[in-house]
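An overview of the molecular structure
So the chains spell out like this:
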Amino acid sequence: MGKKILAKSSKYGEETLIQHTQNALQVFKSLKNAYPEVIEICDEEKFYDYLFAAIFLHDFGKAAEGFQRMLKEGKPWGYRHEIISAGFISCLPFSNDVRKDISLAIITHHKDLYELQENYSTLTAPGKDNYIRRLKELNDNIKYLQYMIGEVPRWSKEYLGYEISLKQIQSIEEIQDAFCFAAKEYLNDYEDKKVEKHKRKLFLRGFLTACDHLSSASQDEIIKAISDMEVLFKFDKYKDTQLKAMNTKGSAVLIAPTGYGKTEASLLWSNYNQNESKGKRVFYILPYTASINAMYNRLKNSFGDESVALLHGKAFYFLYKEFTKSGEDYFGAVSKAKTKYDLSKKIFKPYKILTPFQILKYFFSVTGFEQHIGEMAGGLFIVDEVHSYDPHTTALILESLKYLKEEYNAEIFIMSATLPEFLKKLFMEELNIGNLIEPNKEEIKAIARHRVSIIEGDAFSNISRIIKDIKEDKKVLVACNTVERAQNIYCELKKYAKKSALLHSRFVLKDRERIEKNLNSVQLLVGTQAIEVSLDIDFDILYTDPAPIDALIQRFGRVNRKGLKNVSPVYIFSKGSEEDRFVYKNQSIVNKTLELLSKCDVLSEDLIQNLVNETYKNGYDDKDYEEFLKARESFKSVIGQLYPFIENKQVKEEFYEMFDNREVVPYTFKEEYMDKIKNKEYFEAVGYMVGISQRRYISLKKQGLIEDDGYDVDFVYCEYDKDLGLLIGNAYDNIFTP
C-alpha cells in the first residue's frame, strides 16, 4: 500500500485518504437510503453506482506529493487536487457520457467550472505542461491508490449494497485529462444551451459535495424524520382538520383559524407522506424572522435539537444569542453557533424552518445550488401564511413550488387562517392540488373572541379614549401602520401606563431583544406590523390604524388569544396617516375592509373567511397582477439559466437585488460598534445594527445623513433613543453633505 496518504492535516483532525473516503461513503450509504426517489427523478437506474464512484475518486489527487507537503509542512502547492482526481474516471466501467458527468462532478466539487478554466485549463500549452508536471507527483504514491481501487468490491458491498469493480490503474499514463475529456465539451454545450441530462449532473455534484461536507464535519449519517409523530404529540383528541391532514396523501391546502392546531396538522401530514426510510426532508416555510425563531424553538423542544435546523438572514446571530444565554463566553458561543449553523445548511437535519428566500436563492445559481436543490428532491414543503407576501414574492414562491413538484416530486401543504379565494384557487390549480381541508363550519361558528367597531378619526383624535382605558387598568395594544406614527403615539400615551413598551423595526437588535423579552409584563404596547407575528402576548383591548383584512385579523389575534375573556373589543380608526399609502399601496383593499367590518359586531371565526373572500373578490388589481405575471416569467427565465457545475454570477446578483433593506448603525453607537469590530466580537457588533428601506436610505443619503466612508457598514446620523428607536426626523448637522 505504500506510505500513509493524508486527506486532512493535523490542524483539522488528521485523517488519511482511506479514512476520509470511507467516512464520505458512510454518509453516502445513509443518503442513498434517504433518497430512493432520486433514481426515478433523474431516470437513472444506476445513479447510485455513479455517485459511489464519484465519491470514491473525488480526493485521489490529494496523493500528489506537493499536496501532501502542504498538509504536513504547510507549504503552498499552487494547484487543484480535484483536476487530478477527476482523471481517474479512466478506471470506471461506464459509458463516456456518464464518465464525463462524474468527471465534472469531481472537478467542480470545490470550485466553479469557469473559475477552474480561467486558472487551471489544460487547453493551453502552459496549462497542459503544468498539469503533466503535477500529475507526475503521484508516482511515489500510486501504490496507495492502487490498493484503494482493489478495495472497491469490498467497499461497494458495504456501502452500496452490492459489489462493483473498477479497472486497475497501472501507471499515471492511463489517467485522463478531465479538462480535455469533459470540461471543454461541457462549456461549449453550455454556451450553445445544448446541455442534456441536467438532473443526473445536478444530483452527482450536489450529493457528492453533500457527502464530502458532512463527513468533513465529523457526521456519518443523515438524520431521519420522527418515526412516530402521533405518539410524540399525545393528543387526547384530534381536531377534525388534524384527522384529515394525517390521512391525506399528496399535496393539500388547509384553511383554519388561528389557534386551531394547523402546525400539528401540517406535521402530521408530513408524517403520513414520508417514504419508508423516513428520509424525506421537511421544509417549514414562514414569512417572518420572528415567526421562524419561535417555530424553531417550538419544534426543537418537541423533536429534539438534533432534528431541527434554522435558516434565515440572521440565523447565525440568533443561534449565537441562544448560546450566550446558556452561559457561554463570546468565542465559545460563536464556535458552537457556527457548528450548528453550518450543519443547518447541509443535507443533515430532517426539519428546516426557513424563509422562502432560503429556497428561492438556489434557483438563482447561489453557491452550492446543486446540493440544495438535490436536498429538495421528494421534499415535503409546508407553506404557512402564504397570503402574507406581495405579488412579486408570491409569484416566485408559486413558480418554485411548481417546478419542485413537477420536476423533483415534491409535495406541498399550504395553510393559512386568512387565504383569499383567488389565491386558494391559483395555488390549487397551478400546483395541481386536489385536497382541501377545512374545519367544520358549525364548530368554528361557536368561536368568537372579538367585537369589532370602526371609530371615526385617527389615533390622535381618539387619544383621550385610549387614555381612559389605560387608566381603568386594561392591557391596551395600539397598532400603527408606520414607525413615525407609532413613536408619536407612544410619546403621548406612555406616561399614563404603569409599564409600557414600543415595538417596531427601527430598533437596533440588542434593544429589540430587550423589549421583546419583557412584553408580557407591560400594560401598554404600541407597535407596527412587528406585533402581528409570533409574539406570545395577550391584551384586553386593541386600537389599530386601518389595514387590509388579513393584517387586521393578525392584529386581532393579539387580543383575547385563547378566548378566555369572553368577547374583547377591537377598535379600528377610520383614518390612518398620509404615509400609509407606502405601506399598503392598494388603498382600495383597506377601504373595502373598513366597509365590510363596519357591518360587523361580534366577529365569529366562520365570518372571517367570508370577509377575506369578499375583500379580495377581484383578486389583484391591474398593477399588482402585472407585477405578478412579470415575476412569474422572470423566474421561468432564471430556471432556464440554471446549469450544474456553473455559477451564473449575473443571475445570482439579481437575487440579492430583490431585497429592499439596508443595515445601518446609528451614529451614537459608532464608537461601541468599532470597538467590537476591533476586538473581533463581530456578533456583538451586529447588535448595534438596524434595518431601513432602500427608499429611506437613499433619502437620508441625499440629505447627507449617511456615512459610507469605506467601513463594512454605513452609519446614519439621526437621533436614537433606546425606548423610541431610530428617530428619522431628528437629524444632526454633519459634514457628510453630498
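Residues numbered from 1 in each chain as written. Predicted model: local features only at pLDDT ≥ 70, side-chain atom pairs only at ≥ 80, totals over all residues. Heavy atoms only, no water.

The geometry of helix 1 (residues 17-34) relative to helix 12 (residues 198-216) is characterised by a closest axis approach of 8 Å and an angle of 120° between their N-to-C directions. When the axes of helix 1 and helix 12 are compared, the pair comes out oblique. In this structure, the crossing between helix 1 and helix 12 has a hand that is right-handed. Contact with helix 1, carried on its side by H20, N23, A24, V27, F28 and L31, involves F207, A210, C211, D212, L214, S215 and S216 of helix 12 and no other residues of that element. Grouping the constituent residues of the contact of helix 1 with helix 12 by class yields eight nonpolar, four polar and one charged. (Axes fitted to C-alpha atoms, helices over the stretch in contact; angles between N-to-C directions. Helix = DSSP H or I, 4+ residues; strand = E, 2+ residues; numbered from the N terminus. Parallel < 35°, antiparallel > 145°, perpendicular 65-115°, else oblique. Left-handed = near helix turned anticlockwise from the far one by under 90°. Contact = heavy atoms within 4.5 Å. Nonpolar A, V, L, I, M, F, W, Y, C, P; charged D, E, K, R; others polar.)

Now for the packing of aromatic side chains. This model, assessed by the stated rule, comprises 47 aromatic pairs. Between the aromatic rings of Y50 and F94, the centroid separation amounts to 4.9 Å while the plane-to-plane angle is 70°, which identifies the pairing as edge-to-face. Of the two residues, Y50 sits in helix 3 (residues 47-57) while F94 sits in the loop between helix 5 (81-86) and helix 6 (96-107), which places them 44 residues apart along the sequence. The same class applies to Y50 as to F94, namely buried. (Phe/Tyr/Trp six-rings, centres within 6.5 Å; stacked < 30°, edge-to-face > 60°. Buried < 20%, exposed > 50% of the residue type's maximum accessible area, 1.4 Å probe, protein only.)

When the charged atoms of two side chains lie near each other, side chains of opposite charge can form a pair. According to the stated counting rule, one finds 54 salt bridges in the structure shown. Taking the shortest distance from any N to any O, the salt bridge between K722 and D723 comes out at 3.3 Å. Residue classification places K722 among the partly exposed positions, given a relative accessible area of 48%. One connected set of salt bridges, linked through shared partners, spans K592, E595, K599, E614 and K617. (Salt bridge = Lys/Arg side-chain N within 4 Å of Asp/Glu carboxyl O.)

Even without a glycine there, the phi angle at K278 is positive, about 60°. With respect to the element layout, K278 can be found in the loop between helix 15 (262-272) and strand 4 (282-285). Given a relative accessible area of 18%, K278 falls into the buried group.

Of the two faces of strand 4, the one carrying V282 and Y284 and the one carrying F283 and I285 are both buried. Note: strand 4 against strand 6 (residues 351-354), four bridges, orientation parallel. Bridged to V282 within strand 6 is Y351. Here four bridges tie strand 4 to strand 7 (residues 380-384), and the two strands are oriented parallel to one another. Counterpart to V282 in the pairing with strand 7 is L380. (Pairing = 2+ DSSP bridges.)

The strand order 5-6-4-7-8-3-9 describes an open sheet built from seven strands, whose pairing is parallel. On the outer flanks of this sheet lie strand 5 (308-311) and strand 9 (435-437), each paired with one strand and no other. Recorded for the sheet is a direction-independent mean angle of 15° between the axes of neighbouring strands. Relative to strand 8 (residues 411-416), strand 3 (residues 252-255) is paired through four bridges, and the arrangement is parallel. For L254, the partnering residue across the bridge sits in strand 8 and is M415. Lying on the sheet, helix 16 (residues 289-303) is in contact with strand 4, strand 5 and strand 6; it crosses strand 5 at an angle near 170°.

Topologically, N141 is positioned in the loop between helix 8 (125-135) and helix 9 (142-150). Excluding residues within four positions of it along the chain, N141 makes contact with K3, I5, A63, E65 and Q68.

Let's shift gears to the layout of surface pockets. Estimates place the volume of the second largest pocket at around 400 Å³. Along the wall of the second largest pocket there are 20 residues; nearest its centre are H213, T367, G368, Q371 and H372. Those elements that provide at least two residues to the lining of the second largest pocket are helix 12, helix 18 (330-345) and helix 20 (369-375). The class makeup of the residues in the lining of the second largest pocket is three nonpolar, eight polar and nine charged. (1 Å grid on protein atoms, 1.4 Å probe; cavity = no way out; pocket = protein on both sides within 12 Å on 5 of 7 lines; lining within 4 Å. Points joined across faces, edges and corners; volume = space filled by probe spheres on them.)

A sheet is described by the order of its strands in space; here four strands give the open sequence 18-17-20-19, paired in mixed fashion. The two strands at the open ends of the sheet, each matched to only one other strand, are strand 18 (690-692) and strand 19 (706-707). Relative to strand 18, helix 35 (residues 694-702) is tilted by about 90°, and along the sheet it contacts strand 17 (662-666), strand 18, strand 19 and strand 20 (714-716).

Before going further, it helps to spend a moment on a negative patch on the surface. On the surface, D390, D622, E626 and E627 cluster together into a negatively charged patch. One can find E627 in helix 31 (residues 622-640). (Patch = residues over 30% accessible without salt bridge, like charges linked within 9 Å, V, L, I, M, F, W, Y side chains within 5 Å. Areas by Shrake-Rupley, 256 points an atom, 1.4 Å probe, with all protein chains shown as cover. Lys, Arg positive; Asp, Glu negative; His and termini not counted. Charge placed at Lys NZ, Arg CZ, Asp CG, Glu CD.)

Moving on, we come to the domain arrangement of the protein. Domain assignment breaks the protein into domain 1 (6-217), domain 2 (229-439), domain 3 (443-616) and domain 4 (660-731). A separation of 33 Å is found between the C-alpha centroids of domain 2 and domain 4. Listed by partner, the interface residues are eight residues for domain 2 and nine residues for domain 4. Of the roughly 710 Å² buried at the junction of domain 2 and domain 4 (both faces included), carbon and sulfur atoms supply 65%. Three residues, K314, Y317 and Y330, lead the burial of domain 2 against domain 4; their summed loss comes to 62% of the area buried on that side. Between the two partners, domain 2 and domain 4, sit one salt bridge. Between domain 2 and domain 4 we count five residue pairs in polar contact (both at pLDDT 80 or more) in total. Counting only elements with at least two residues in the side of domain 2 that touches domain 4, the list comes to helix 17 (315-325) and helix 18. (Domains from an automatic or database assignment. Buried area = accessible area lost by both parts, 1.4 Å probe. Polar contact = N/O pair within 3.5 Å; in protein donor to acceptor, adjacent residues only side chain to side chain.)

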